[in-house]
Amino acid sequence: MPTDSQGKIKISVSEIINEAPKTLDLEVIIGNEHIENNLIDSYRIQKLGLAFAGYNKYIHAGRIQMIGQSEIAYLQQLEAKTRSKAIDKLELTNIRCILITKNLDLPIRLLDKLKEKNIPVLRTKLVSSEAIRSLSGFLQNRLAPQITIHGVMLGMFGLGVLIIGESGIGKSECALDLIQKGHSLISDDSVTVKKIGGNLEGSSPEITYEHLEIRGLGILNIKDLYGVSAIGKNTKIDLCIELQKWKSVVDVDRLG
């Protein structure tokens, strides 16, 4: 996925159209040829009401700008000359994409200006509040900072438990024992960790989802062996346990 010089994750308008929740049912009105190059880097959705009123400095770059019923109503109640002036004064430099809600139509003058500046315009049948909730949730997950670490992720008693430790120490063997006791596997070997809001969320890469590798046994399909309740796709990380090798030089009774 694309990033900027500071490593900030970005998503193209094209990816948003293809991957956003189906309830949005996004339609491209204009700018289809620019949806690959225009990038979004914030999950926050901004409405353009203040910008139409002349406060252009509040337009933040990298956000999806939304036009809904209130913005259209504001423009419609203006006299034709004043409306044209408000549209002409709209600063488009920081705008990467505009989303129209409730299947509304934009004034022709505004559409022409957006087309001239190569700004894609999308439309959804949802009202603004529903569109913001759906789209911001999708973007928050998609744009979250993430790393992949070596470990095993489990769901236990409603908690997300991450087990880490050096290779061969027994993480997967512990996981298999816990799965047999009724707990669920989220991910084995590689765990994708995302920071969403103030929480860390662990999930499985698609290639290893539902599978657990045990030395001497091979790769096990946990869903086939223990049922759908024995697996999960992602969960918040509530507890991290690190397994370490025994470093004591004294004799240890391994059967005690």
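Everything here concerns the structure above.
Described below are features of the structure shown in this document. All values reported here derive from a predicted model rather than from experimental measurement.

**Brief notes about the side chain of Arg 123**
And step 1. By the secondary structure assignment, Arg 123 is in strand β7 (residues 121-123).
And step 2. In this structure Arg 123 comes out as buried when scored by relative accessible area, which is 15%.
And step 3. Among the polar contacts made by the side chain of Arg 123, one reaches the main-chain carbonyl oxygen of Leu 104 at a distance of 3.1 Å.
And step 4. Not counting the four nearest positions on each side in its chain, Arg 123 is found in contact with Asp 25, Leu 26, Glu 27, Ile 29, Leu 99, Ile 100, Asn 103, Leu 104 and Asp 105.

**Side note on the sheet that holds strand β5 (residues 64-67)**
And step 1. What the 5 strands build is an open sheet, ordered β2-β7-β6-β5-β4; its pairing is mixed. The open sheet has two edge strands, β2 (27-30) and β4 (45-47), and neither has a second partner. Adjacent strand axes in the sheet meet at a mean angle of 35° when their direction is disregarded.
And step 2. As defined by bridge partners, strand β6 (residues 98-100) adjoins β7 across 3 bridges and the pair is classed as parallel. Bridge pairing in β7 links Ile 98 to Val 121.
And step 3. Across the sheet, helix α5 (residues 108-116) touches β2, β5, β6 and β7, and the angle it forms with β2 is around 90°.

**A closer look at the packing of helix α4 (residues 80-88) against α5**
And step 1. Where α4 contacts α5, the axes come no closer than 10 Å and their chain directions differ by 20°. Considering the angle they form, α4 stands roughly parallel to α5. As for how α4 packs across α5, the hand of that crossing is right-handed. From α4, Ser 84, Ile 87 and Asp 88 reach across to α5, where they touch Arg 109, Leu 110 and Lys 113.
And step 2. Of the residues that constitute the contact of α4 with α5, the class distribution is 2 nonpolar, 1 polar and 3 charged.

Reading guide: rules and limits
Residues numbered from 1 in each chain as written. Predicted model: local features only at pLDDT ≥ 70, side-chain atom pairs only at ≥ 80, totals over all residues. Heavy atoms only, no water. Helix = DSSP H or I, 4+ residues; strand = E, 2+ residues; numbered from the N terminus. Buried < 20%, exposed > 50% of the residue type's maximum accessible area, 1.4 Å probe, protein only. Polar contact = N/O pair within 3.5 Å; in protein donor to acceptor, adjacent residues only side chain to side chain. Contact = heavy atoms within 4.5 Å. Pairing = 2+ DSSP bridges. Axes fitted to C-alpha atoms, helices over the stretch in contact; angles between N-to-C directions. Parallel < 35°, antiparallel > 145°, perpendicular 65-115°, else oblique. Left-handed = near helix turned anticlockwise from the far one by under 90°. Nonpolar A, V, L, I, M, F, W, Y, C, P; charged D, E, K, R; others polar.

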